[in-house]
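A structural walkthrough
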Amino acid sequence: MNQDCKVYTLLGIKKYLYVVAFLSFNAAFADTEVPSPYSATPGGRVSSRVDAERKETIRLRYKTGNPIAGQEKSQLCQGCHGTNGNSTDPLIPKLAGQHINYISKQIRNYQDGTRTHEIMEAMASTISDDDLADMAAYFASQNKMKGSGGAENPRGKELFTRSDTTKMGIACVNCHGERGKGIESQISAFPVLGGQHKDYIRQQLINFRSGDRRNSPYKIMNRIAESLTDIDIESLAEYVSVQP
Ligand code: HEC
Ligand code: HEC
């Protein structure tokens with residue numbers, strides 16, 4: 001095998017490992033059937049592939065809350081994130097229709113310092129497990145966030161949908177869904193991006209690229225953002241934010 005071949009094989013293996021890591025991460029959540037925010041009992045059915053302990057950990061961390069109670073409990077949050085989770089400040093993320101597990105995970109990350117932001121760390125430190133479940137259920141149960149519906153940025157579209165344009169060989173669409181609208185409505189830990197504020201998306205991609213934000217599983221988003229140029233980031237932020 002010549003040198004080029006060896007390098008190529010190594011790169012292939014590395015990419016393969018990321019894909020396996022990603023799939024097993026996805027499977028861990030997919031195996032847990034989290035009921036809709038409106039169902040009466042928390043918890044859910046889990047296939048035999050996930051052992052009991054793991055099932056319990058996931059259930060406790062991502063238990064489903066009561067959106068009606070969450071509406072009342074999240075009054076303070078709504079002051080910044082908007083009444084229905086549709087914030088007007090371009091640097092405050094919309095939470096409307098965001099995946100419940102993603103919202104819960106972010107609050108846990110602000111609590112344990114794996115995601116840093118002065119205001120949100122302070123806010124998160126006041127939230128109990130039960131309140132978190134209810135608040136997340138409230139925002140997740142709102143109509144999904146919407147963009148202006150304006151013209152799509154062509155470069156952004158290409159980067160978002162074509163796997164051969166990313167260093168990892170997995171396009172954004174595979175994890176974030178068509179037009180960034182997410183893949184599964186209630187269980188996914190992959191956030192909805194379509195219709196999110198452009199300035200917020202741009203900032204998060206910059207933070208992933210610089211390593212200021214490092215809370216994605218297996219550092220997946222850091223690896224992805226590493227290969228993006230400023231123009232790529234601008235184009236992607238533009239593309240996802242306009243999605244209606
Ligand atoms: C003073 C304004 C303010 C208040 C009040 C506030 N937030 Fe935030 N929130 C922010 C900002 C700004 C960010 C973006 C932080 C960052 O860049 O990490 C954010 C980020 C988040 C995120 C991450 C969203 C994403 O897409 O990754 C969640 C979830 C969240 N807030 C939930 C809440 C909840 C629940 C409350 C109430 C307990 C709350 N916030 C109160 C300003 C606020
Ligand atoms: C292999 C799966 C995967 C791929 C491919 C992927 N992402 Fe992500 N992305 C994630 C996960 C998982 C998170 C949530 C990280 C966390 O838990 O904080 C995320 C988070 C994000 C966020 C932060 C959202 C928020 O509300 O704060 C942005 C922005 C983002 N991704 C953009 C992109 C873009 C643009 C691409 C393509 C260039 C992409 N992602 C490709 C898995 C992926």
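The preceding data block contains the structure.
Keep in mind that what you see is a predicted model, and the values were worked out from it rather than measured. (Residues numbered from 1 in each chain as written. Chains lettered and ligands numbered in written order. Predicted model: local features only at pLDDT ≥ 70, side-chain atom pairs only at ≥ 80, totals over all residues. Heavy atoms only, no water.)

**Regarding the coordination of the iron atom of ligand 2**
For the iron atom of ligand 2, the protein coordination sphere consists of H176 (NE2) and M221 (SD), at 2.1 to 2.3 Å. We classify H176 as buried; its relative accessible area is 9%. A residue is classified by how much of its surface remains accessible, and M221, at 15% relative accessible area, is buried. (Donors = N, O, S within 2.8 Å, 3.2 Å for Na, K, Ca; no water. Buried < 20%, exposed > 50% of the residue type's maximum accessible area, 1.4 Å probe, protein only.)

**Observations regarding the nonpolar core**
In this structure, F160, I201, L205, M221, L228, L236 and V240 are the most contacted members of the largest nonpolar core, which totals 21 residues. In terms of residue count, the dominant contributor to this core is helix 12 (residues 230–241) (five residues). Of all hydrophobic cores here, the second largest spans 16 residues; its members include C77, L95, L132 and M135. (Core = buried A, V, L, I, M, F, W, Y, C linked by side-chain atoms within 4.5 Å. Helix = DSSP H or I, 4+ residues; strand = E, 2+ residues; numbered from the N terminus.)

**Regarding the site of ligand 1**
In the vicinity of ligand 1 lie 21 residues, with C77, C80, H81, Y102 and M120 positioned nearest. Here a nitrogen atom of ligand 1 and a side-chain polar atom of H81 are 2.8 Å apart. Contacts to ligand 1 include Y110, whose side-chain N or O atom sits 2.8 Å from an oxygen atom. Element by element, the count of residues in the shell around ligand 1 is highest for helix 5 (residues 100–112), at five residues. In terms of residue class, the shell around ligand 1 is built from 16 nonpolar, four polar and one charged. (Near = heavy atom within 4 Å. Polar contact = N/O pair within 3.5 Å; in protein donor to acceptor, adjacent residues only side chain to side chain. Nonpolar A, V, L, I, M, F, W, Y, C, P; charged D, E, K, R; others polar.)

**Some details on the coordination of the iron atom of ligand 1**
Around the iron atom of ligand 1, the protein supplies H81 (NE2) and M120 (SD) as donor atoms, at distances of 2.0 to 2.2 Å. Each of the six donor atoms around the iron atom of ligand 1 contributes to a set of angles spanning 87 to 178°, which defines the coordination as octahedral. Of the two residues, H81 sits in helix 4 (residues 75–81) while M120 sits in helix 6 (residues 118–124), which places them 39 residues apart along the sequence. Assigned by exposure class, H81 and M120 land together as buried. (Tetrahedral: all angles 85-135°; square planar, octahedral: opposite > 155°, others 65-115°.)

**Description of the packing of aromatic side chains**
As enumerated under the stated definition, the model contains two aromatic pairs in all. Pairing F160 with Y239 gives two aromatic rings, centres 5.4 Å apart and planes at 45°, and the pair type is tilted. You can see F160 sitting in helix 8 (residues 154–161) and its partner Y239 sitting in helix 12, a full 79 residues away along the chain. Residue classification places Y239 among the buried residues on the basis of a relative accessible area of 3%. (Phe/Tyr/Trp six-rings, centres within 6.5 Å; stacked < 30°, edge-to-face > 60°.)

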